[in-house]
Amino acid sequence: MNYRLLFLFFLILSSLTYGQNEQLAQNYFDKGSFEKALVSYEELLKSQPGNGNYFQRVIDCRQQLMQYEKAHVELEERYKKYKQANLLVEIGYNYQLQQELPKATTYYEEALTKIDENPTWVYSIASAFEKKVLLEYALKSYERAVAIDPKSRFNYQMGLLYGQLGKQDLMIEKFLDELYTNPQNGVLIQNQFALFMGNDVDLVFATQLRKALLIRVQKDQDLFWNQMLSWFFVQQKEYGKAFIQEKAIYKREPDSFSNIVNLAELAIEDQAFETAKEIFGFILENTQDIELQIQSHYYLLDMRINEGTSKDYPQIATDLELLLKQYGISPFSLDLQLLQAEFLAFVMKNSEKSKLVLDESLALPLNRFQIARVKMTLADVLLFEEKFNQALLYYSQIEEDLKNDELGHEASLKAAQTSYYKADFEWALVQVKVLKTASTQLIANDALELFLLINDNTVADSTQTALKLFAKGDFLLYQKRNQEALVQFQNILKNHKGEEIEDETLLRIGQTYEKLSNPTEALPYYQQIIDQFPDSIYRDEAFFFSAEIYNLKLQDPEKAKPLYEAVLFNHQDSIYFVDARKKFRQLRGDTNI
């Protein structure tokens, strides 16, 4: 037993030593200490002569030290011993480093002939060429293997190579072939397409991809290509065109509305409301599924509420009542119940009736997530009534019940915002510090924005005088008392000019004017941020919001264009970057996709 333990001890010690020596050699190599790295890798190679990685590092060190002759001798000896075809690529590359291209080419061509002898060599040979950035030879490797065995599939690898070579049309064809034959690689390839479209300033790639997909839709009746074309249009935020494809799919396979519903939700998220209404109308016309009907009615009513004016509200209230009578008060109609409660409190200013609706909902046999949603809405209503502590109690209950869920994170954010509204900034900061790393990007962004607002203005003013007034203005906006909020922010701007909070206040005044349907009045305030605050974190918003006003409200595209362009060139990290790029292209006349 003692001998076995001793053997095991030495085995572990030896393994640890090898690991440390390898790390040391790698550190030398990474730092450019190639002489030290060479010595270290030679020692490692002596202990493990068959280790290809150690041998390759020895060759790399020799080439960095311009010891080409020694590298050649060692490569030749290893090739004679192991007959590994990729070593021919290494020998050729050693000649290329010495500017002896004819000799290098001879070895590269010899490596390719090895694929004829054994097609499985293609993996190591193509990989060796790729590592040396000999992309044309890597392509030839795959082409040779396919010529020998047409059943072999290297579409993905070849697509990547074509992309690196700038041959986008060939890359698209290879990737589409791979998508069709191996749908399991769909996410990988769609990510590649999205990457190219994201960097596609002149729309060349997007135009080529659209054309290739349209050709396949026309030539092949497989719905796969309609699905891909729909995906493409979604990436371009062309939701109406995506809906045309989804309808074509549904007409041939009327089994599921899931993709159509997802498309409608994406359209709402990007404020393509008319398309969303069309999609939900289509769903209502074609489904007998009660849950889908309720979901569609919910979204349609929610859009009507957001777009409506006081003259529309009585009819909306009537329609909500009729739908709840039609579908009944049950867990299935919970979305409509919550929408009615929010509408009563925040639009009709009838919080008492809203709470009665929510109390009735809480009496239903709900699961814990549904209970949390009802409590969230109840907390929102209590906050609207300025019952801060009661609202915090409900938010805290949701946090406790759903700690690692998105709904729990949302409750945490709302608790932080409630603390902010009541000027308890210290506690609000404690909560948002955790949420800055939340898995949900929207919640993380909102938490970061609140953190910066409180932190920056606390550092600049330890009394937090202006911040307290600002929080009051934000709370008035929460209560939809927009005119009062405007007065509050204008007073802050007048009495705290030159302080840290000035650019935030200018932004809020602009946003409040927009809420009051007076976008022209918002423009001068956004312009002040652009002109007077070159380092403001709100400049991208000022550019984008101004562009939106000129483009959508004032129908003045020539003034909108340079504002969108400013986001593109000066604020690439902005959350508005993608929308700004799309709209700038549209105004520039890129209407071919």
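Residues numbered from 1 in each chain as written. Predicted model: local features only at pLDDT ≥ 70, side-chain atom pairs only at ≥ 80, totals over all residues. Heavy atoms only, no water.

A rise of 1.5 Å per residue sets the reference length of helix 10 (residues 168-181), with its 14 residues, at 20 Å; its end C-alpha atoms lie 20 Å apart and thus fit the reference within 8%. On its buried side, helix 10 packs onto helix 9 (155-164), helix 11 (186-198), helix 12 (204-219) and helix 13 (223-235). (Helix = DSSP H or I, 4+ residues; strand = E, 2+ residues; numbered from the N terminus. Expected span 1.5 Å × (residues − 1). Contact = heavy atoms within 4.5 Å.)

Once that is clear, we can look at the packing of helix 15 (residues 258-269) against helix 17 (residues 290-307). Running from amino to carboxyl end, helix 15 crosses helix 17 at an angle of 15 degrees, the nearest separation of the two axes being 12 Å. Here helix 17 runs roughly parallel to helix 15, going by the angle between their axes. By crossing handedness, the relation of helix 15 to helix 17 is classed as left-handed. Contacts between helix 15 and helix 17 pair Val261, Glu265 and Ile268 from the former with Leu292, Gln295, Tyr299 and Met303 from the latter. Tallied by class, the residues present in the contact of helix 15 with helix 17 amount to five nonpolar, one polar and one charged. (Axes fitted to C-alpha atoms, helices over the stretch in contact; angles between N-to-C directions. Parallel < 35°, antiparallel > 145°, perpendicular 65-115°, else oblique. Left-handed = near helix turned anticlockwise from the far one by under 90°. Nonpolar A, V, L, I, M, F, W, Y, C, P; charged D, E, K, R; others polar.)

Attention now goes to helix 26 (residues 465-478). Each full turn of the α-helix corresponds to 3.6 residues, which orients residues three or four apart in the same direction. Its 14 residues give helix 26 an end-to-end C-alpha distance of 20 Å, which sits within 8% of 20 Å, the value for a rise of 1.5 Å per residue. Taken together, the buried positions of helix 26 are occupied by Ala466, Leu467, Phe470, Ala471, Gly473, Asp474, Phe475, Leu476, Leu477 and Tyr478. Positive backbone phi, at 65 degrees, marks Lys480, one or two positions downstream of helix 26. (Buried < 20%, exposed > 50% of the residue type's maximum accessible area, 1.4 Å probe, protein only.)

Estimated volume of the second largest pocket: approximately 560 Å³. Lining the second largest pocket are 27 residues, with Gly52, Gln56, Asp60, Glu90 and Lys131 sitting closest to its centre. Elements represented by at least two residues in the lining of the second largest pocket include exactly helix 1 (2-30), helix 3 (52-64), helix 5 (86-97) and helix 7 (122-131). With nine residues, the single largest contributor to the lining of the second largest pocket is helix 3. (1 Å grid on protein atoms, 1.4 Å probe; cavity = no way out; pocket = protein on both sides within 12 Å on 5 of 7 lines; lining within 4 Å. Points joined across faces, edges and corners; volume = space filled by probe spheres on them.)

Among the structural elements, Asp540 can be located in helix 30 (residues 539-553). Buried and unpaired, Asp540 has Arg539 as its nearest opposite-charge partner, separated by 8.1 Å. Polar side-chain contacts of Asp540 include one of 2.6 Å to the side chain of Ser574. Excluding its chain neighbours within four sequence positions, the residues that come into contact with Asp540 are Val567, His571, Ser574 and Tyr576. (Lys, Arg positive; Asp, Glu negative; His and termini not counted. Salt bridge = Lys/Arg side-chain N within 4 Å of Asp/Glu carboxyl O. Polar contact = N/O pair within 3.5 Å; in protein donor to acceptor, adjacent residues only side chain to side chain.)

Before going further, it helps to spend a moment on the packing of aromatic side chains. Going through the model one piece at a time under the given rule, you end up with 39 aromatic pairs. When the centroid spacing of 5.6 Å and the interplanar angle of 70 degrees are considered together, the rings of Tyr180 and Phe224 count as edge-to-face. Here Tyr180 is found in helix 10, whereas its partner Phe224 is found in helix 13, with 44 residues between them in sequence. Among the aromatic residues, those joined into a ring-pair cluster are Phe346, Phe384, Phe388, Tyr420, Tyr421, Phe425, Phe475 and Tyr478. Residue placement shows Lys140 over the ring face of Tyr137; its charged tip is 4.9 Å from the ring centre. (Phe/Tyr/Trp six-rings, centres within 6.5 Å; stacked < 30°, edge-to-face > 60°. Lys NZ or Arg CZ within 6 Å of the ring centre and 35° of its normal.)

This part takes up the packing of helix 9 against helix 10. Two elements in contact, helix 9 and helix 10, have axes separated by 8 Å at closest approach and are oriented at 160 degrees. If you check the angle between helix 9 and helix 10, you find them roughly antiparallel. Here helix 9 and helix 10 pass one another in a crossing that is left-handed. Counting all contacts with helix 9, which are made through Asn155, Tyr156, Met158, Gly159, Leu160, Tyr162 and Gly163, the residues of helix 10 involved are Leu170, Met171, Lys174, Phe175, Asp177, Glu178 and Thr181. Tallied by class, residues from the contact of helix 9 with helix 10 come to seven nonpolar, four polar and three charged.

This part takes up unusual backbone geometry. A positive phi is found at Gln271, a non-glycine position, where the angle reads about 65 degrees. Of note, Gln271 is situated in the loop between helix 15 and helix 16 (273-286).

Moving on: the pattern of salt bridges. A side chain with one charge can pair with a side chain of the opposite charge if their charged atoms come near. Tallied over the entire structure, the rule returns 30 salt bridges. Salt-bridge contacts for Asp116 lead to Arg144; the nearest nitrogen and oxygen are separated by 3.0 Å. Placement of the pair is Asp116 in helix 6 (residues 101-117) and Arg144 in helix 8 (residues 135-148), with a sequence separation of 28 residues. The class for Asp116 is partly exposed, based on a relative accessible area of 39%. For Arg144, a relative accessible area of 26% puts it in the partly exposed group. For the salt bridge of Lys414 with Asp380, the shortest nitrogen-to-oxygen distance reads 2.9 Å. Residue Lys414 is found in helix 23 (residues 406-421), and its partner Asp380 is found in helix 21 (residues 368-384); the two are separated by 34 residues along the sequence.

With respect to the element layout, Asp556 can be found in the loop between helix 30 and helix 31 (557-570). C-alpha separation for the pair Asp556 and Met171, spaced 385 residues apart in sequence, amounts to 39 Å.

Ranked by internal contacts, the top residues of the largest apolar core, which has 89 residues, are Tyr41, Phe129, Phe193 and Leu209. Among the elements that take part in this core, helix 13 stands out by supplying eight residues, more than any other. Counting residues in each nonpolar core, the second largest holds 86 residues, with Ala379, Leu407, Ala522 and Leu568 among its members. (Core = buried A, V, L, I, M, F, W, Y, C linked by side-chain atoms within 4.5 Å.)

A few words on the confidence of the model for the protein chain. Residues of the protein chain with pLDDT of at least 70 account for 95%, and the chain-wide mean is 92. Segment residues 5-18 is flagged for pLDDT under 50; beyond a separation of four residues in sequence, or across chains, it makes three contacts in the model. (pLDDT = per-residue confidence, 0-100.)

Further remarks concern the side chain of Glu246. Residue placement: Glu246 occurs in helix 14 (residues 239-252). An unpaired buried charge is present at Glu246: no salt bridge exists, and Lys247, the closest side chain of opposite charge, is 11 Å distant. Setting aside its immediate chain neighbours within four residues, Glu246 contacts Ser230, Asn259, Ile260 and Leu263.

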